[in-house]
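Survey of secondary and tertiary structure
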Amino acid sequence: MRIRTAFSLIGLWVLSLPALTVQAQAITTDKARDVMDAILMQSGISATLSDATLTSDGAAALTYDDISLGLSGYSTPRTLRMNGVHVTVRDTDQADQVDLDIKLPERAKMNAEATSDQRDLTMRNAGGYLRWDTVKNAPVTFDGFADFLIGDEPVTRKHWLMNGLVLQWLPQQARVSWQSAEWTGANREKRGSSKAASLIVYPGDNGETHLDYAHDGLWLPSLLQPRTVRIKSSSEGLPWTEAKPIIEKGFLDMLTGTAPRMARKQIGNALWQKAADNGAPVKIDEFYIESRGLEALGTGELLAQHAARYGFTGEMDFNLLGKDLLQNLIGTPESPTLLGALVPFAVNGLASGEPGPGGTTQYGTRLLADGRIVVNGVTVYQAPNGG
């Protein structure tokens, strides 16, 4: 009888574990507010908490209005304003970590002194999932998304739009991608579009940093359009442990108001500085470019150097398909077209190709520290002032 009673007590204890776990992971509105106050303060965001309730599953549901975020990296001071941001805060099975489910409103505004710098923003199903370390006051993971984003300038009617945006930060991967995008000039004059794009940064098996980039269907109002580009690159001299903090800071900067163009520049400069200090090459494991009947496939290696005129030395070896089409456009050294006369180094470089397999033309391109570009042993460009 005692044995049976003991087993019954153990069984009741085991059955009670899920309930105990849920109770341990329940969060209070006060704790949720404290977490959000720390995040908002660190991010430079001012907001008014208009509602705070507990949900049936033990989470805290917060609603913020009068949100204001100063934007940096633009030509003039600008501020992002919105109302009705919903944040659901949950405790996790990890000590000192909480999960935040963020839902943004469909309408927002970018305010500025000049009317031409103002934007009306439309956001469909936009938000993100954030795991936050409450001790370090830093993100652990982040998944941002938007089915549709559009920014309209009310006077000139310029706009940009983006579908299927994904902004993701994980311990072993950073990713930005979208399914389609378009941007215009005044009165909606189309200035460019792309069907899809993706940038992924991640560590390799030996701790090196990999960067993969691809876009498809790029359209630009120009004669040469790299409609499809695929690049796979890696660097053992830029370990993931050194690249990760740089990329994480760039993501945080974008999420807290830095213009994407400025954030990309800052990330690029910091990675270049680290690669130059380490003195190891960045390998272009593969690149592919397609543009109006032209195709190029090759590999390369670049070395970031402080003393190099353009910041890099290196080489690119590739095969080009469609040389004749390009030659019809820019001409030959003996008979350049009007366009070719404007870019003589391109004419000379194209003419320096050698026959390759399958009807392709082979090019071995070298970028030297003094700025010279050498193609198949022929100097096709020399920087001004003898540099």
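Once that is clear, we can look at the overall build of the protein chain. Scanning the protein chain from terminus to terminus reveals seven helices and 23 strands. Relative to a compact globule of 387 residues, whose C-alpha radius of gyration would be 21 Å, the protein chain shows 27 Å and is clearly more extended. For the C-alpha atoms alone, the extent of the protein chain along its principal axes is close to 100 × 60 × 40 Å. Here the protein chain holds 387 residues, and the buried ones make up 37% of them. Taking the intrachain contacts of the protein chain between residues at least 6 apart in sequence as the baseline, contacts between residues at least 24 apart amount to 49%. When the accessible area of the protein chain is evaluated, it comes to approximately 21400 Å², of which 57% is carbon and sulfur surface. Of the charged side chains in the protein chain, 36 are positive and 43 negative; the average position of the first set lies 3 Å away from that of the second.

Moving on to the side chain of T209. Locating T209 in the fold gives a position in strand β15 (residues 208-216). A distance of 3.4 Å separates a polar atom in the side chain of T209 from the backbone oxygen of P239.

A few words on helix α7 (residues 344-351). Three or more residues of α7 are buried, namely V347, G349 and L350. The buried side chains of α7 occupy one side of the element, clustering within an arc of 165° when seen end-on. Where α7 is buried, its residues contact β19 (312-321), α5 (323-330), α6 (338-342), β21 (361-367), β22 (373-375) and β23 (378-381).

Glancing now at the environment of R264. Residue placement: R264 occurs in helix α4 (residues 260-278). Residues R264 and P357, 93 residues apart in the sequence, show an inter-C-alpha distance of 38 Å.

So, about the confidence of the model for the protein chain. Put simply, the protein chain has an average pLDDT of 90, and 93% of its residues get 70 or more. Counting contacts from residues 1-24, a segment whose pLDDT is below 50, to residues more than four positions away or on other chains yields zero contacts.

What counts as what
- Residues numbered from 1 in each chain as written.
- Predicted model: local features only at pLDDT ≥ 70, side-chain atom pairs only at ≥ 80, totals over all residues.
- Heavy atoms only, no water.
- Helix = DSSP H or I, 4+ residues; strand = E, 2+ residues; numbered from the N terminus.
- Rg over C-alpha atoms; globule rule 2.2 N^0.38 Å.
- Buried < 20%, exposed > 50% of the residue type's maximum accessible area, 1.4 Å probe, protein only.
- Contact = heavy atoms within 4.5 Å.
- Areas by Shrake-Rupley, 256 points an atom, 1.4 Å probe, with all protein chains shown as cover.
- Lys, Arg positive; Asp, Glu negative; His and termini not counted.
- Charge placed at Lys NZ, Arg CZ, Asp CG, Glu CD.
- Polar contact = N/O pair within 3.5 Å; in protein donor to acceptor, adjacent residues only side chain to side chain.
- Arc of directions from axis to C-beta.
- pLDDT = per-residue confidence, 0-100.

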